[in-house]
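Architecture and fold: a report
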Amino acid sequence: MTIFGITLSAAVIWLIIAAVCAIIEAITMGLTTIWFAGGAVVSAVAAMIGLSVPIQVGLCLVVSILLIYFTRPIAVKKLKVGKEKTNVDALAGREALVTETIQPFSAGQAKVDGLVWSAVAKDEHSTIESGSVVKIDGVEGVKLIVSSF
């Protein structure tokens, strides 16, 4: 193929595609285009050994899809992409002391680690009396979602 008067082999074109995908990945860090860079490298090797262009394109697609399917979940888990844990995440499963009675469909207050939080019952129909110890099921905004033991 000739581009701007320069003759490029299919292998060089695939390597350029791989480099562009790698650069996009470096800029975005979204773990999306890096897998296509891998597919393009495999297609460059296929071009070097003389396989036809349709086979090269097919290999690029198949290898990219396989890389996404098998390695992306591992990479996301190890690199923790897209999730930023906060101290609030550590509250789920812990105990809190109810300091203001939690009425059905309204918030009360609960104390955990010396901090007072607004708290609502996981079962919206239940009342949790002041002085009760509850389990924190989660946090929504600035409210604890709690349930009785």
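Residues numbered from 1 in each chain as written. Predicted model: local features only at pLDDT ≥ 70, side-chain atom pairs only at ≥ 80, totals over all residues. Heavy atoms only, no water.

In this structure the tally under the stated criterion is 2 salt bridges. A salt bridge links Asp-113 to Arg-94, with the shortest nitrogen-to-oxygen separation between them at 2.6 Å. Placement of the pair is Asp-113 in the loop between β4 (108–112) and β5 (115–121) and Arg-94 in the loop between α3 (53–79) and β3 (95–100), with a sequence separation of 19 residues. On the basis of relative accessibility, which here comes to 56%, the residue Asp-113 falls in the exposed class. One salt bridge in this structure joins Asp-137 and Lys-135, with 3.3 Å as the shortest N-O distance. Using a relative accessible area of 23% as the deciding quantity, one classes Asp-137 as partly exposed. The exposure class assigned to Lys-135 is partly exposed, which follows from its relative accessible area of 33%. (Salt bridge = Lys/Arg side-chain N within 4 Å of Asp/Glu carboxyl O. Helix = DSSP H or I, 4+ residues; strand = E, 2+ residues; numbered from the N terminus. Buried < 20%, exposed > 50% of the residue type's maximum accessible area, 1.4 Å probe, protein only.)

Computed from the structure, the largest pocket encloses a volume of approximately 170 Å³. What lines the largest pocket is Ile-102, Gln-103, Pro-104, Phe-105, Ser-106, Val-120, Ala-121, Lys-122, Glu-124, Glu-140, Lys-143 and Ile-145. Within the residue set of the lining of the largest pocket, elements represented by two or more residues are β5 and β7 (143–148). A breakdown of the residues in the lining of the largest pocket according to their chemical character gives 6 nonpolar, 2 polar and 4 charged. (1 Å grid on protein atoms, 1.4 Å probe; cavity = no way out; pocket = protein on both sides within 12 Å on 5 of 7 lines; lining within 4 Å. Points joined across faces, edges and corners; volume = space filled by probe spheres on them. Nonpolar A, V, L, I, M, F, W, Y, C, P; charged D, E, K, R; others polar.)

Next up on the list: the packing of aromatic side chains. Under the defined criterion, the tally for this structure stands at 1 aromatic pair. Plain terms: the ring middles of Tyr-69 and Phe-70 are 4.9 Å apart, the flat faces sit at 90° to each other, and that makes the pair edge-to-face. Residue Tyr-69 shares its accessibility class with Phe-70, and that shared class is exposed. (Phe/Tyr/Trp six-rings, centres within 6.5 Å; stacked < 30°, edge-to-face > 60°.)

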